[in-house]
Amino acid sequence: MDQVRELLNLLNAILWHDWVLFAVLITGIFFTIATRFCQYASLTEGFALLKSPKQHDAPGAISHFQALTAALSATVGLGNIGGVALAIALGGPGAVFWMWVVGVFGMALKFSEVTLSMLYRNIENPKEPSGGPMWVIKKGLPEINPRFKTLGKFLGGVFCVTLLVSTVTGGNMFQAWNVGEITQSYFGIPSYLSGIVLAVLVGLVIIGGIKRIGQVASRLVPIMVSIYLLGSIVVLAINLELLPAMFGLIINSAFSPIEAQGAFIGGTAGAAFLFGMKRALFSNEAGQGSSPIAHSAVQTDQPVKEAIVAGLEPFIDTIVVCTFTALVVLSTGIWNRPADIDNSNLIFIEENNSEWVIETTSIDPSNLTTQENNVFVTYQYIDDSGEIIIDRYYGQIENNQTTISWDGHVESQNQPTILSEGIFVDFVGATLTAQAFDSVIPGLGKWIVSLAAWLFALSTMISWSYYGEQGVLYLFGEKYIVSYKLIFCFLGALATFGWMESAADLDAITGLGTGLMLCANLPIIWLFSGKVIKSFNQYKDRG
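About the criteria used
Counting from 1, residues in each chain are numbered in the order their sequence is written. Local features are withheld for residues below a pLDDT of 70 in this predicted model, meaning they are given only at 70 or higher, and side-chain atom pairs are given and counted only at 80 or more; totals for whole chains, interfaces and linings count all residues. With hydrogens and water excluded, all non-hydrogen atoms of the structure serve as input to the side-chain values. Note on definitions: salt bridges are taken to be side-chain nitrogens of Lys or Arg within 4 Å of carboxyl oxygens of Asp or Glu. Numbering of helices and strands runs from the N terminus, with a helix taken as a DSSP run of H or I at least four residues long and a strand as a DSSP run of E at least two residues long. Under the scheme applied here, a residue whose accessible area is under 20% of the maximum for its type counts as buried, over 50% as exposed, and between as partly exposed, the area being computed with a 1.4 Å probe on protein chains only. Stacked, edge-to-face and tilted are the three classes for Phe, Tyr and Trp ring pairs, Trp counted by its six-membered ring, which pair at centre distances within 6.5 Å; planes under 30 degrees apart are stacked, over 60 edge-to-face, the rest tilted. When the NZ atom of lysine or the CZ atom of arginine is within 6 Å of a ring's centre and also within 35 degrees of its normal, the charge is said to sit over that ring. Every angle, taken between N-to-C directions, lies between 0 and 180 degrees, and every axis is a line fitted to C-alpha atoms, over only the stretch in contact when it is a helix. Put simply, angles under 35 degrees are roughly parallel, angles over 145 are roughly antiparallel, angles from 65 to 115 are roughly perpendicular, and the rest are oblique. It only takes one pair of heavy atoms within 4.5 Å for two residues to be counted as in contact. Each residue is assigned to one class: nonpolar for Ala, Val, Leu, Ile, Met, Phe, Trp, Tyr, Cys and Pro, charged for Asp, Glu, Lys and Arg, and polar for all the others, Gly among them.

Looking at this model, I keep getting lost on the pattern of salt bridges. Mind explaining?
A pair can form between side chains of opposite charge whenever their charged atoms are brought close. The full count for this structure, using the stated rule, is six salt bridges. One salt bridge connects Lys110 with Glu313, and the closest N-O pair in it is separated by 3.3 Å. Linking Lys110 in helix H6 (residues 94–119) with Glu313 in helix H15 (residues 312–331), this pair joins segments that are 203 residues apart in sequence. Take Glu313: its relative accessible area is 0%, and that puts it in the buried class.

Right, here's the structure in full:
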């Protein structure tokens, strides 16, 4: 597993280089200016369009509302519960500010990519049209030069490969893993059992195709979002006097470093930017080219109308739902909490030359308030260049919760120093958010977040299975669709069998899929940007 982690970290370092993040921002800013702030059209016209009926004489299978909820069921998922908590844990409160930035400019990105997918969707079967960046590049490139027909088909296939990677990682494994973790943490049910149940439920829905997915999503999404926001409002109402300070903390931390405190190991403005951007892009999928696949199934002959509706996605997902999660995590202080297990006697000892470890540690089981087994301490050391590094040192609770075995070693010429006055339980992703709810009203997180996690994961996996299905359809045709669906469900269950252990593992595996899709889709958006602007201007001219 160590080699796999190293490979994932290397790929993420390439895919999430600063230039990729700046490219996403610049693309969003460009379309915001070029369309004269299309975000305004989404916020003013988008909600009205949701009420409009299907155009029965137009190709398509679902309504504007069903298309939006199908896409939202993919975006409003555990990225909103677990991803936000992950961004704060790794990047600090400033990460939330950059999530907002991505949310605003992501509306323009979403508008542009859905416009293109609607313009170039495949309507050979008008009752079940197919769309997405693969069809944009396949059909659009020959318009530039007929000799590019083969190249367009090939590049469409390249996008589909990145789509399948993201489907397997962020759209499937991330969701199932989080559900397994939170269910085991609160109810003691083995994680793999949750994974198996979730896989079966997903399988029962995706057999019915996009129509059934649209029907399920249109009922499930409003219910799950309402339940989660209602629980968040209760927590925020109790901590109402802290909210102004939390907004100040978010803005200040976006541009200034923040020191280590409690469970938080400290962070720079650069870390806030990186993790905020990554988590927001994973959550709302702006620029990935995934949700245009769902929107392409809408029954309409006016591409821009559906693009206006699609612009609501990042607003609902990031500006609304993610903000509620962030304020709950920050206002409760769970992100920088004091140690969960008292133990001030921990020290690093030198095992080999310049290799330091913490020996197996005895603990009192009565001090534990959760069934979570992963723990960490914060420490600092001096690396070979003389720089002071602050990090986490992980371990696992074993032997009927009486001992902790610690992982790996720290390489340093000097003895590392333990910073924390005790041991922290490693609440990862959705589990950290649940603890935030519980810290205000005991049991609230157990039920609200557990229920939301199951609903969010189920809805996300259902929609992402359809995205992956369209990739398989493009690459191989219909004959492998059933096999694909079985493999999708199997991999969801597999993710809950204990091979992902920490926040870093979680960030690496989801970042891989999101990063690959961004790198494949952004050039397509820029290549056909003129089409987006022309279509929007024509729509506005028609009034």
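Just checking my understanding: could you explain the packing of aromatic side chains for this structure?
Summed over all chains, the structure comprises 25 aromatic pairs. Of the aromatic side chains, those joined through ring pairs into one cluster are Phe348, Tyr379, Tyr381, Tyr393 and Trp406. Above the face of the Phe376 ring, Arg392 is positioned so that its terminal group lies 4.0 Å from the ring centre.

How should I be thinking about helix H16 (residues 430–440) in this particular structure?
Count 3.6 residues to each turn of an α-helix, and residues three or four apart come out pointing the same way. Here H16 lies mainly inside the structure; nine of its 11 residues are buried. Buried within H16 we find Ala430, Thr431, Leu432, Thr433, Ala434, Gln435, Ala436, Phe437 and Asp438.

Can you help me understand the environment of Val234 in this one?
Looking at where Val234 falls in the secondary structure, it is placed in helix H10 (residues 209–238). Using a relative accessible area of 35% as the deciding quantity, one classes Val234 as partly exposed. A C-alpha to C-alpha distance of 28 Å links Val234 and Met461, two positions 227 residues apart in sequence.

When you look at the packing of helix H14 (residues 303–310) against H15 in this model, what are you seeing that I'm missing?
To characterise two packed helices, one gives the angle between the axes of the helices and the distance between these axes. Orientation of H14 relative to H15, taken along the N-to-C sense of each, is 5°, at an axis distance of 4 Å. In terms of axis orientation, H14 runs roughly parallel to H15. Mapping the contact onto sequence places Ile308, Val309 and Ala310 in H14 and Leu312, Glu313 and Pro314 in H15. In terms of residue class, the contact of H14 with H15 is built from five nonpolar, no polar and one charged.

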